[in-house]
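Observations on chain architecture
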Amino acid sequence: MSHFLDDRRRLSRRTVLRAGGVSLALPFLEIMRPRQARAAGAVPKRFVVMFTPNGTIHQNWVPSGTETAFTLSPILSPLAAHQAELVVVEGVYQQGGGGDGHQNGIGGMLTGQTLNPGPFQGGANVGAAGWANGISIDQEVAANIGGTTALPSLELGVQVGSADDWGRMSYGGPNQPLIPEENPALAYQRLFATRGVSPDQLAALRARKKSILDAVQGQLRAVSARLGASDRARLDQHAAALRDIETRLDAQAMPSMSCADPGAPALPGSLTDNDSFPAIGKLQLDLLAVALACDLTRVASLMWSRSVSQTRFTWLSPSITDVHHDLSHKPDDDATSQDKLTRINTWYASQFAYLLDKLAGAQETDGTRLLDNTLLLWSNELGKGNTHSRQSAPYVLAGRAGGALRTGRFLTYTGDPPHNNLLVSLLQAMDVPITRFGKDDWCTGPLSGLL
Amino acid sequence: MWTISPGRSRVGAVASWMLLIGAGACAAGSPPAGPDAAITPAAGPLCTTRDPGPSPLRRLTAAEYARTVRDLFGGDLLDVSRLPPGERALGFDNNADVISTSDLLVDAYEALAEQAGGLVAGALGTYVPCAMSSPDAACAAQFVKDFGGRAWRRPLDDSEQSALASVFADGATAGGFGEGIARVTAVLMASPQFLYRLEPGAGATPDLPGAVALSPYELATRLSYLLWGSMPDAALFDAAANGRLSAPNDLAREARRMMNDERAHAIVSTFHAEWLGLDKLPAADKDAVIYPMFTPALADAFAKETSRFIDEVVWNREGTLGALLTAPYTFGDASLASFYGLPAPAADGLIQTGGTQRAGLLTQGAFLAVYGKANQSDPVHRGRFVRERMLCTTPPPPPQNIAIRPPELDPRLTTRQRFDQHTSDPACSGCHELLDPIGFGFEHYDGIGRWRDMEGGQPVDGSGALSGTDVDGAFDGAVQLAGKLAHSTDVQACYATQWFRFGYGRGETDADGCSLNQLTTAFVAANGDVRELIVALTQTDAFRYRRAGDLP
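1. A closer look at the interface of chain A and chain B
Quite often, the size of an interface is put as the accessible area lost when its parts meet. At the junction of the two partners, chain A supplies 56 residues and chain B supplies 66 residues. Only α6 (184-191), α7 (199-224) and α8 (229-249) of chain A provide two or more residues apiece to the side of chain A that touches chain B.

Printed below as a string of structure tokens:
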């Protein structure tokens, strides 16, 4: 078994953060209260990924028309109010390798990398695979812009329920999948842990936590020296996470005018019941939006279910009781199933629209909208569910990324350009100085004509 | 011909089988040779060179963490619900090859450690006895030794103790004795020495070149997490401290002792739940129109039935894998018996099944509902379970880039008839001939495990066939299938392999032939006694040693 332990990238970004010096400590209470005075600097950019599973129905997804004069498709129709904020990208090929199509689709979606060897047995004829072989774009962005906030990035999920390849899309580096938080109550706790604590108490808490963390780091270093290289590398990852906690104690923020503690979320009766899916999703979208609005993080992602999702869309009208993945394998000539899949993807589009509504409604200290300073990517592990094809995977971008992205466009590519190129362009839009990303022989540079 | 040459390990055999039929037959769509074209049953794993195999770093799983803090603090006193579930590979959620470290996880560890600090500081009389008479640095040092030694599962060395003494001193300065103790506790609980199973080893051993022996405390920890999924108890610490924990006999003695403790039941239960995939039962989602009787109460009754059945068979009755597969009895309440069409249970819940429609795990509602579709039975996945989880062979999965068309429900046809395409379409048949003939044997059970004699207006045909095994041949119904599997050495070897994966927290490698061989041999010799297999798990090189190359 190979060791999944290349930590260089992650460590280097931490090193950079540390080298940047410890910034002025700022209690959460202060963070919660937006102050014009702190708006002297530029409003920060944010990056968001939303994942939905099992491919789409291309002809019902793709808009019609020209780059700037286009009509949204049935699936994208819930986004009509935001058409001017969108860039719909057709024709880009989502690369991936190792394991099965769902497995390497989601593993490569944000990393532009293959899966490493490993024990996850997929459903394709290429055998088992492990974790993806590289950092994902959200983490690459976080490494560049996430340094001073309470959380470098926020990973949320809705009934992901699968702690393996199929349930992970964000990677801190090769073989370093990030766990999405699936419980809105815990996510809230993590984001707003110190609400209501006075600055003095907070300072004391911070000093206490620092002393504990320092001692833990000391014990970790002492024992590491007695271990072999692979064990040591694992503990290095642990040490990096501990440093993140410590860095977070010194968080700074530039909250928008719309930052307010939303209060603990009211959970649905069951987090695992299929029918709780939309309720959990709404809570997570609300948290995601407020985390950005309060500048608790600048990078966030949300996974709806997982690749090979088994969700049943019973709440739609008329109700769909079939399992999503089963439906996604129905043949093209099965009109009933195609219609159901179209309605499922339309519902997902309405969730994306809900998030855009929230970000459009949040006002920054400089008078712009949060959405103006955010770049969102909505993507899928597949293009087409019944063949596992990743040709023309359904990418929808939204938000102006602080002016880096010209929106209100529909772009069609031919010749299957690799999605690595799209990832490069997204990184560039987020001011990450990079010209290649992911697996080198897949990437040829930025996606022409996007930025 | 798919003959696998002797002299290859089982692992190699599986790989080459996949290579042969995976890449070629199914994807290309050319008619493959049928499975009866001689898959020579893989002999037991071949032992060539003794080798402990790899020992990837293990971290306490969420369940192990919960049990450990229960034993450490004497109760479920910490809120462990925020720990995310462990990564799952090969069916088990303790696979050390794929553990990952997110900030989210380390956050949770840190918060729990502080919670533990508060717990101890709030009950000093319980956790720090000397605090009542002399709450001072000496008392704190004693706490570091006693509690620290239990939390880290070994005595702390001088420099560790002195570092913790400083932590205490800082805390005591800031907030008094209790605060010092709280911080010491938090540091102990947030340190990798608690969270991970670190094994620096005890140096080279003459027993096995290229290997290092484990220290007695490391062996105590391996034993306690294998048998109990938790920390060692006082007796185990004592055995480690007194040099009674290095010889194979010592390990066997302790394993037998520990199996008399309730905690061993939880591990056997967890193993079977993960092996069978039964943790998917609560989420099993059935079409309410077709299966209105599949209520949460029924799912719960299924879960309780199988859980108790395993417990009774392993600990109170036959104790064997054979009995798990064939026992003509089960346990449940009147509603379960009625669902099965059986007489009401005895006072202790024992239901005599008669062994015609129901006998053993594979005929119980939990298994059949998990491996049943939302609206119909599921011969493919039932067959796949037998191939993958009971015979340890991985059938090649469906080809990419073809539209898979699971047959629609048709009131005039049986499931077997609707799945006919699998045998008529050459793109499918190569693979499905390995699955469906086994899975069709379950056709008397619908998607929630209810017995049926008729389907689509026709009598159900529950006949099937096993191929590529040491118990090849036709059978009629799942009870007969289970009877054949119960006599299969291949199944016993696979079951031992599954315990290897679960017990050692990793997949087997080519280097593990001797350890696997030893397990299978012991298991077969004990007539498939599960308890003896667990003892055997403590006797292998994989359990007793580490590779020297894994250490600095």
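2. Here we look at the nonpolar core
In terms of nonpolar packing, the biggest core is built from 172 residues, with Ile181(B), Val184(B) and Val187(B) touching the most fellow members. When residues in this core are grouped by element, the largest group, 13 residues, is from helix α6 (residues 158-190) of chain B. If you count residues domain by domain, this core takes at least three from each of domain 1 (60-197) and domain 2 (275-400 + 407-486) of chain B. Excluding anything up to four places from it in sequence, Val187(B) contacts Ile212(A), Ala215(A), Val216(A), Gln219(A), Leu164(B) and Val167(B). In terms of nonpolar packing, the next biggest core, distinct from the first, is built from 103 residues, Val62(A), Val158(A), Leu283(A) and Leu397(A) among them.

3. Looking at the domain arrangement of chain B
What the domain assignment reports for chain B is domain 1 (60-197) and domain 2 (275-400 + 407-486). Each of domain 1 of chain B and domain 2 of chain B has a C-alpha centre, and the two are 44 Å apart.

4. So, the packing of helix α9 (residues 277-293) of chain A against helix α11 (residues 335-361) of chain A
All names here are of chain A. In the contact formed by α9 and α11, the axes pass within 10 Å of each other and the chain directions differ by 30°. Judged on the interaxial angle alone, α11 and α9 are roughly parallel. As α9 runs across α11, the sense of the crossing is right-handed. Contact residues: α9 offers Gly281, Leu285, Leu288 and Ala289, while α11 offers Gln351, Tyr354, Leu355, Lys358 and Leu359. For the contact of α9 with α11, the class distribution of residues is 6 nonpolar, 2 polar and 1 charged.

5. Topic: the sheet that holds strand β4 (residues 86-90) of chain A
Whether parallel or antiparallel, the strands of a sheet pair through hydrogen bonds between backbone atoms. Residue and element names in this part refer to chain A. Taken together, the 7 strands give an open sheet; going across it, the order is β5-β6-β1-β7-β8-β4-β9, and neighbouring strands pair in mixed fashion. The sheet terminates laterally at β5 (154-158) and β9 (409-412), the two strands that pair on one side only. Each strand axis lies, on average, 15° off the axis of its neighbour in the sheet, ignoring direction. Across 5 bridges, the pairing between β5 and strand β6 (residues 299-304) is parallel. Within the sheet, the bridge partner assigned to Glu155 lies in β6 and is Ser301.

Reading the values: rules and limits
Residues numbered from 1 in each chain as written. Chains lettered and ligands numbered in written order. Predicted model: local features only at pLDDT ≥ 70, side-chain atom pairs only at ≥ 80, totals over all residues. Contact = placed C-beta atoms within 7 Å. Helix = DSSP H or I, 4+ residues; strand = E, 2+ residues; numbered from the N terminus. Core = buried A, V, L, I, M, F, W, Y, C linked by C-beta atoms within 7 Å. Buried ≥ 20, exposed ≤ 12 C-beta atoms within 10 Å, placed from the backbone. Domains from an automatic or database assignment. Axes fitted to C-alpha atoms, helices over the stretch in contact; angles between N-to-C directions. Parallel < 35°, antiparallel > 145°, perpendicular 65-115°, else oblique. Left-handed = near helix turned anticlockwise from the far one by under 90°. Nonpolar A, V, L, I, M, F, W, Y, C, P; charged D, E, K, R; others polar. Pairing = 2+ DSSP bridges.

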